[in-house]
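# Close look at the chain arrangement
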Amino acid sequence: MALVSKAGSSYCIRSDITRGRTGQNVAFGVVNNVEAPIMKEKSIKISSLSCKNARVAQFFPLETVGFRSKGRNSVIVAASPPTEDALIAIEPLTKQDLVGYLASGCKSKEKWRIGTEHEKFGFEIKTLRPMKYEQIAELLNGISERFDWEKVMEGDKIIGLKQGKQSISLEPGGQFELSGAPLETLHQTCAEVNSHLYQVKAVAEEMGIGFLGIGFQPKLGLKDIPVMPKGRYEIMRNYMPKVGSLGLDMMFRTCTVQVNLDFSSEADMIRKFRAGLALQPIATALFANSPFTEGKPNGYLSMRSQIWTDTDKDRTGMLPFVFDDSFGFEQYVDYALDVPMYFVYRKKKYIDCTGMTFRDFMAGKLPCIPGELPNLNDWENHLTTIFPEVRLKRYLEMRGADGGPWRRLCALPAFWVGLLYDEVSLQSILDMTADWTSEEREMLRNKVPKTGLKTPFRDGLLWHIAEDVLKLAKDGLERRGFKESGFLNEVAEVVRTGVTPAEKLLELYNGKWGQSVDPVFEELLY
């Protein structure tokens, strides 16, 4: 199933390949010259584009992704887990197919969109205890019935909701996540956030449930956090202590906000990837919002960010190879092939494949399913188990920010859109960071969780660089012409004062809160 050719420095899709955002997958293909079924109510055309004059098929947000190659007819299902089992391709996947999967994300600039994801802690307002699964199920059912969301089930358990291109899912400790639709403007993004929070609150308040916008559970220990009934999380929970000391904290006690952004070509992906990695510590500082652990200051401004430094070094970090001259889609595939797997999904169950790599899978050498070869569904699922500071799928994910109150949920995408979707600002960032060494980038990554904007860098502080970066973000938004720069006001105050959100919380803790973290549940209540 060879799908990709390489012309010059960019990969191009030659066969008909369809693509959609996470959870919004696509269908077009033939098996024995019969078209794969398409769900009529979802067959809305999103875009078509070309990359170096090579045709990429039109994209439909459907349930399956299919390939049609000359002389080789096959269909492969691809979607975010959990999904139904994939149909088996007639011929095994090649490395070029994996590269082609990433390259299929190329979109012309007018089709670039903004996808925002944010997590929050649900808690009982009277006790400040986290929601139990039974309460979460009641909440999900209530939202579904009142606001017409489709239920997502794993076995007989409700584990999420879908509505159009939006989805609500549960993180391991019951953190409530909205994965937003791909939207054109930040006004639409913030409206989506507001609508989601309104719907959640409308049901949750009747149950005595509130939601907290913070990066790390401020009050309770791991033993106090409920475990969600999702098969993949059981596998991760068993594996995490083998590869790092803080992986379970990551799973059960952290919340983040991130933005997913498009690229037009391999070269554009590389530029945005490098800018995103270089500036991720600045985003971590600006949104630092997790200074408490089990009722006391933990010595960090972003405990959530610190936790990622000792979660699993095989799948996290600053990815220095992205700055190599040879970097491109193929090099990311090489990296991902050697990241240890968590699972494969077969017959509606997760099968533990920890310790083996996708490269082993490609060779039919997984002891958990001996002799079986992967399909693109498996590849897509595997890519979701890699957690660097910037992650490549068919778009780029900016992953460095703590969860926070709703104004910051709109500010985070504004920050990155202003920098990465404007050519002048993007080039200015690349020029600014061009001589930063790998050691300097790593130093910032390691020190920012503790010292924030006051982290020393060269002859000054990171704060001074953040001032320049914020101006570039603001200018980039203004050039977009959608009057979006006001969404940066929340971080503009942080840059003006050099005081991060976490430092404000610590000031309250040591002042009017009388060294109690309980008031944070009201302070950061949605």
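Residues numbered from 1 in each chain as written. Predicted model: local features only at pLDDT ≥ 70, side-chain atom pairs only at ≥ 80, totals over all residues. Heavy atoms only, no water.

So, about the state of the cysteines. Counting across every chain of the model gives 2 disulfides. At a sulfur-sulfur separation of 2.0 Å, the disulfide partner of cysteine 190 is cysteine 410. Residues cysteine 190 and cysteine 410 share a disulfide whose torsion about the S-S bond is about 80 degrees; that sign makes it right-handed. With a gap of 220 residues between them, cysteine 190 in helix H3 (residues 186-204) and cysteine 410 in helix H11 (residues 406-420) connect regions that are remote in the sequence. Each of the two residues, cysteine 190 as well as cysteine 410, counts as buried. (Disulfide = S-S within 2.5 Å. Helix = DSSP H or I, 4+ residues; strand = E, 2+ residues; numbered from the N terminus. Buried < 20%, exposed > 50% of the residue type's maximum accessible area, 1.4 Å probe, protein only.)

The next subject is the pattern of salt bridges. All told, the structure shown has 32 salt bridges when counted by the stated rule. Put simply, arginine 346 and glutamate 372 hold a salt bridge, and the shortest N to O gap is 2.6 Å. Remark: glutamate 372 occurs in the loop between helix H9 (358-362) and helix H10 (376-383) and arginine 346 occurs in strand E20 (residues 343-346); sequence separation between them is 26 residues. You can call arginine 346 buried: its relative accessible area is 12%. The class of glutamate 372 is partly exposed, set by a relative accessible area of 26%. A salt bridge links glutamate 493 to arginine 496, with the shortest nitrogen-to-oxygen separation between them at 2.9 Å. Of this pair, glutamate 493 and arginine 496 both sit in helix H15 (residues 489-497), 3 residues apart, which is roughly one turn of that helix. (Salt bridge = Lys/Arg side-chain N within 4 Å of Asp/Glu carboxyl O.)

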